Amino acid sequence: MLSQLEKLFLTDHVRFAFEIYDLRFDKEYTEFKTTREGYLMIYRKFYPPRIILHADKECTVRELLSILKNEESKFVLFIEPKWSRLLNFPNMKIYPEILMTCDKPSVFRKENVRRLGIEDKEEILALYGQGLGDVLLQLLRDNKTTAYGLFLNSHLVSAAYTLIELENVAVIGGVLTKEELRNRGLATSVVSTLTKYLTKRGKVASLYVREDNSPAIHVYKKIGFKEYWKRLWISVNTDEKPL
């Protein structure tokens, strides 16, 4: 079944980027549960686990949701919006997201934007906090991310990095600007610079953004990102939510 899934994933490197990456590079944290044409991909590197549900038929979705209810109690689920009417988890919060892509970015470069490294540890922790900061630092140590940041008065005030990178696609995440400095074009500069770096290396840049985050969507469209696909981020028995 996994070989069949791999064939499916390779039909769309952008939409299935996480499945491809986790199968290749994070197998020890990744579990697949399959039925008919569908699957649950459960990623346990973090807690609560991240779970992707994919299926074409309603009967398959219902069966996979039943498996999920019986075996997991606290998780973040990703699923297509068309199946929202089938969701009835207790203590559930739903955040619609848009997947956007760009291969020809416009760059809005500001001074003091540069690539981040492990030597920026203190500034990374100051911006992101311990949790996300530690995740980014580990990615930098493992050479598994490309991160850019903007500095004002020698302090990191805006940053973004790649969550995963494949040979032909990269997923950008962790886009964050200090609250008091938002709406000044800082994130535009950081994300456009990172996007340019990725596309120059033959990768399609992609990112997920909350559907209700109109300012961010405006920024990404300005850079050259276009809507590609939609999904739901569903938090079950957890306070986690997308940035």
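Each remark here, short or long, concerns the structure printed above.
First things first, this report covers the structure right here in the doc. (Residues numbered from 1 in each chain as written. Predicted model: local features only at pLDDT ≥ 70, side-chain atom pairs only at ≥ 80, totals over all residues. Heavy atoms only, no water.)

Overview of the pairing of strand β3 (residues 50-54)
Thought 1: Among the 5 residues in β3, 4 count as buried, and that is most of the element.
Thought 2: Note: strand β2 (residues 38-43) against β3, 5 bridges, orientation antiparallel. What sits directly across from Ile42, in β3, is Ile51.
Thought 3: Counting the residues that bridge the hairpin from β2 to β3 gives 6 residues.
Thought 4: One ladder, built from 3 bridges, connects β3 with strand β4 (residues 75-79); its direction is parallel. Note that in β4 the partner of Arg50 across the bridge is Val76.
Thought 5: Running through helix α3 (residues 58-71), the crossover from β3 to the neighbouring parallel element β4 is right-handed. (Buried < 20%, exposed > 50% of the residue type's maximum accessible area, 1.4 Å probe, protein only. Helix = DSSP H or I, 4+ residues; strand = E, 2+ residues; numbered from the N terminus. Pairing = 2+ DSSP bridges. Right-handed = clockwise from strand over helix to strand, strands pointing away.)

Looking at the pairing of strand β8 (residues 155-165)
Thought 1: Extensive coverage of β8 is indicated by the burial of 8 of its 11 residues.
Thought 2: Taking the residues that link successive antiparallel strands as the turn, the strand β7 (residues 147-152)-β8 hairpin has 2 residues, and the phi of Asn153 there is positive, at about 50 degrees.
Thought 3: Relative to strand β9 (residues 169-177), β8 is paired through 6 bridges, and the arrangement is antiparallel. The partner of Ser158 across the bridge, within β9, is Thr177.
Thought 4: Between the end of β8 and the start of β9, which pair antiparallel, lie 3 residues.

Quick look at the sheet that holds β4
Thought 1: With mixed pairing, 11 strands are arranged side by side in an open sheet as β1-β2-β3-β4-β11-β5-β10-β9-β8-β7-β6. At either margin of the open sheet sits one strand with a lone partner, and together these are β1 (30-35) and β6 (113-115). Looking at each pair of strands side by side, their axes are set apart by 25 degrees on average, direction ignored.
Thought 2: Set on the sheet, helix α4 (residues 121-141) makes contact with β7, β8 and β9; between it and β8 the angle comes to about 30 degrees. (Axes fitted to C-alpha atoms, helices over the stretch in contact; angles between N-to-C directions. Contact = heavy atoms within 4.5 Å.)

Details of the side chain of Thr60
Thought 1: Position of Thr60 among the secondary structure elements: in helix α3.
Thought 2: In this structure Thr60 touches Thr35, Arg36, Glu37, Gly38 and Ala55, once residues within four positions along its chain are discounted.

Structural notes on a positive patch on the surface
Thought 1: Together, Arg115, Lys196, Lys200 and Arg201 make up a positively charged patch on the protein surface.
Thought 2: Inspection of the secondary structure puts Lys200 in helix α5 (residues 186-200). (Patch = residues over 30% accessible without salt bridge, like charges linked within 9 Å, V, L, I, M, F, W, Y side chains within 5 Å. Areas by Shrake-Rupley, 256 points an atom, 1.4 Å probe, with all protein chains shown as cover. Salt bridge = Lys/Arg side-chain N within 4 Å of Asp/Glu carboxyl O. Lys, Arg positive; Asp, Glu negative; His and termini not counted. Charge placed at Lys NZ, Arg CZ, Asp CG, Glu CD.)

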